[in-house]
Amino acid sequence: METMTAESQVADILKSYRGEAGELIPLLQEVQQKFGYLPEEAIKQVARFVGVPECSAFGVATFYAQFKLVPTGRNVVRVCRGTACHVKGGARILREVQRRLGIKPGESTPDLKYALETVACIGACALAPTMVVNSDTHGQITTGKVAEVLERAEAEL
Ligand code: FES
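The following paragraphs examine the structure supplied in this document.

Conventions and cut-offs
- Residues numbered from 1 in each chain as written.
- Predicted model: local features only at pLDDT ≥ 70, side-chain atom pairs only at ≥ 80, totals over all residues.
- Heavy atoms only, no water.
- Buried < 20%, exposed > 50% of the residue type's maximum accessible area, 1.4 Å probe, protein only.
- Helix = DSSP H or I, 4+ residues; strand = E, 2+ residues; numbered from the N terminus.
- Pairing = 2+ DSSP bridges.
- Salt bridge = Lys/Arg side-chain N within 4 Å of Asp/Glu carboxyl O.

## With respect to the pairing of strand β2 (residues 114–119)
As a general feature of sheets, a regular strand has side chains that alternate between the two faces. With respect to burial, β2 is a largely interior element, five of its six residues being buried. Both strand β1 (residues 75–80) and β2 contribute to a ladder of six bridges, which runs parallel. Note on β2: the bridge partner recorded for arginine 78 is glutamate 117.

This is how it looks when you write it as structure tokens:
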């Protein structure tokens, strides 16, 4: 099967929308879900479709933290820095993840395998310290377990 160009993939998404200004955010969300970030050309394509100036669409994409304008790692690693996790050594876990991946929170590895973020609490304080890889929560993490968790995520790629 022929690979679809980014433009035709976006066009495919646009098919289920009507082309109204109010659809800008849901459309950007769907495009980001598809590509993992918002390619510049895709933002322009969406802006034309919903009839808003390109600069407004870029304004929205940069205003909301949920939107990413650069490609990010396929495995999103989130380390909890909430109080419960901090008390149980969360900072050590974050340092170990940073050391292993060679990146800081907000960055992605150059091979785009991993993106690292911190979160204020993931709602699993009883399992502190915690980290989440994609949608899997890992509790009672130790620095020794970090490698295992990251390797498992890599194996599932
Ligand atoms: S503080 Fe880490 S899960 Fe709540």
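## Things to note about the pattern of salt bridges
A complete count under the given rule lists ten salt bridges for this structure. A salt bridge links glutamate 117 to lysine 68; the shortest N-O distance between them is 3.5 Å. Here the residue glutamate 117 occupies a position in strand β2, and lysine 68 occupies one in the loop between α4 (54–63) and β1, the gap between them amounting to 49 residues. Accessibility expressed as a relative area gives 26% for lysine 68, which makes it partly exposed. The salt bridge involving glutamate 117 is made with arginine 78; its shortest N-O contact spans 2.9 Å. Taken together, the positions of glutamate 117 in strand β2 and arginine 78 in strand β1 put the pair 39 residues apart, joining distant regions of the chain. When salt bridges that share partners are traced, they join Glu40, Glu41 and Lys44 into one network.

The quantities given are spatial measurements derived from coordinates; they are silent on function.
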